[in-house]
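Spelled out, the chains give:
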Amino acid sequence: MSKKERIILGVLIVVMSIKSVVLASEVKEVLPSSISGYYYSDQYSLVFMDNGMVYALDPESGSNRSTSEKYQVSSDGSHYFVEVSDSMICLVEQTEKEPIEDGGIYYAVYLTYLGTEDEITFEEGKMVLFGGYVFDNDYEVIIREPLARFFTIDDVSGTARPGCTEGRGYQSPEDAVSAYLKGFQENDIDQMMAACAVETYVERFDLIKYVERLQAYSPSMTCLPDISGFSERLNLESRRAEIIKAIRQQYLTITKSSTAVGDSAGTVLPMKDFDTTTEEFLQNIFAEEDETFLSDIVFSGSFLKPEDLAEVYSSEQNQNNMGKTAAYLGAEEIQSVVAALTVKEDPYLLCMDTVCYDDKWYVLNAGGTIGSIEGISAYLGGVWPLTEEEAQELSNSFGIF
């Protein structure tokens, strides 16, 4: 965490350090959701999440950086006491002030914790007492708005929202895939995942419609009924694992691992067939180094229309099928995207499906509908290695290489 980021968070939470706090009998621990929200003033901006994490935002850019802390909250019924990194603040709603038009509420934030009333001598006029806790009487004024307010703030960067894996989405399917590829070029897995639908995917997924469409449920399916916070978390982790698996397959493809490309792709490779040491066996399967591959991913923004790759993509039947998928995903639309890239000058097509939620586009999955139509192996992660002849033909027809 940088000094600047620590200062931003510290404006509210770095106060007199406390080793332990003896709670007054009338003060009880409450759920983090009791204070969750978007807190801001002209000088600082914080997001308290329902999951007990607080994120400090850069007041200049509004972006979430690496600044985050775990917090606990207690209350005496009127005031909130927030512990972060062995420090404490007190939040007091300023009920004498009218709420802001869009739902914002004013809070006084007491920053300097002095101790419990049993530990120090209380001085009237210099100190304030809340639920057995004593604070210096200086305070800052901050506005609290619902989390929904923060998540509707425009962010052209598309980076992940505080407490979320996914970003805020993109204006077009191509923009979403471009952001994903930029993350790949920069070897930034978090950026790649931020381009994908994660939290929104889990929130909107309709298991009833999914099973109705398939007329079956298989133990291999990772989706569970959303009946509790626990089951929702399992669905979220399953979604993240699905994306990571695709990124792993893409990595294996561009590094030319025999587990993904070649005649042995997707098969068990017995050591006895190689007659080598274990170290040499693994060297035959995986690249000995990956830096040259990861540093030479070239994407110039060239895309191929899915229907140009396969006319059946635009057929009524295929579009109806994609519409049915969008229905159980709770999405407005699904579109396939085909991007042209090179790795160490070798040509590839990256095939992916993208999904639209609330007029914002995200990456849905690797391979996608166009990948299935073209019969791209699942072991390739949607990355289709092209021969020189195939690349030349596409270049002559569509100018993409």
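Scroll up to find the structure.
Along each chain, the written sequence defines residue order, and numbers are assigned to residues from 1. Local features in this predicted model are restricted to residues of pLDDT 70 or higher, and side-chain atom pairs are both shown and tallied only at a pLDDT of 80 or more, whereas totals for entire chains, interfaces and linings draw on every residue. Hydrogens and waters are ignored; side-chain quantities use all the structure's heavy atoms.

### Brief notes about the packing of aromatic side chains
Under the convention used in this document: The pairing test for Phe, Tyr and Trp rings, Trp by its six-membered ring, is centres within 6.5 Å, and the orientation test on the planes gives stacked under 30 degrees, edge-to-face over 60, and tilted for anything in between. Runs of E in the DSSP output that reach at least two residues are strands. Runs of H or I that reach at least four are helices, and both are numbered from the N terminus. Only protein chains enter the area calculation, which uses a 1.4 Å probe; residues under 20% of their type maximum are buried, those over 50% are exposed, and those in between are partly exposed. Charge-over-ring placement is defined geometrically: NZ (Lys) or CZ (Arg) within 6 Å of the ring centre, and within 35 degrees of the ring normal.
The final tally for this structure, using the stated rule, is 17 aromatic pairs. Geometrically, the ring pair formed by Tyr210 and Tyr328 is tilted, given 4.8 Å between the ring centres and 55° between the ring planes. Of this pair, Tyr210 sits in helix α6 (residues 207-214) while Tyr328 sits in helix α11 (residues 316-329), and the two are 118 residues apart along the sequence. In this structure Tyr210 comes out as buried when scored by relative accessible area, which is 17%. Chaining the aromatic ring pairs together yields one cluster made of Phe81, Tyr110, Tyr113, Phe130, Tyr133, Phe135 and Tyr139. Over the ring of Tyr201 we find Arg239, and its NZ or CZ is 4.1 Å from the ring centre. For Lys344, the ring lying beneath its charged end belongs to Phe293, and the centroid distance is 4.6 Å.

### Brief notes about the pairing of strand β8 (residues 105-110)
Threshold: Whether two strands pair depends on DSSP finding at least two bridges between them.
Bridging between strand β7 (residues 87-93) and β8 involves 4 bridges; their strand directions are antiparallel. Along β8, the bridge assignment pairs Cys90 with Tyr110. By the bridge criterion, 6 bridges tie β8 to strand β12 (residues 139-145) in an arrangement that is antiparallel. Considered in β12, the bridge of Val109 is made with Glu140.

### Quick look at α11
Cut-off, in case you're wondering: Helix span, expected: 1.5 Å multiplied by one less than the number of residues in the helix.
Compared with the 20 Å implied by 1.5 Å per residue over 14 residues, the 20 Å span of α11 between its first and last C-alpha is a close match. For α11, the set of buried residues is Asn318, Met322, Thr325, Ala326, Tyr328 and Leu329. Among the residues trailing α11, Gly330 stands out with phi positive, at a value near 70°.

### What to know about a nonpolar patch on the surface
Applicable threshold: The patches described consist of residues with a relative accessible area above 30% and no salt bridge, like charges being joined within 9 Å and nonpolar side chains (Val, Leu, Ile, Met, Phe, Trp, Tyr) within 5 Å. Methods summary: accessible areas were calculated by the Shrake-Rupley approach with a probe of 1.4 Å, and residue burial reflects only the protein chains presented. Criterion for a salt bridge: a side-chain nitrogen of Lys or Arg within 4 Å of a carboxyl oxygen of Asp or Glu.
Together, Tyr217, Leu224, Phe230 and Leu234 make up an exposed nonpolar region whose accessible area comes to about 400 Å². Here Phe230 is to be found in helix α7 (residues 229-254). A relative accessible area of 64% means that Phe230 is categorised as exposed.

### A few points about the sheet that holds strand β9 (residues 113-116)
The cut-off we apply is this: Only C-alpha atoms enter the line fits that serve as axes; for helices the fit covers just the stretch in contact. Angles between N-to-C directions range over 0 to 180 degrees.
Reading across the sheet, the 3 strands line up as β9-β11-β10 and stay open at both edges, with antiparallel pairing between neighbours. Each end of this open sheet is capped by a strand with a single partner; those strands are β9 and β10 (127-130). This sheet shows a mean twist of 25° between the axes of neighbouring strands, independent of strand direction. As defined by bridge partners, β9 adjoins strand β11 (residues 133-136) across 3 bridges and the pair is classed as antiparallel. Within β11, the residue paired with Thr116 across the bridge is Tyr133.

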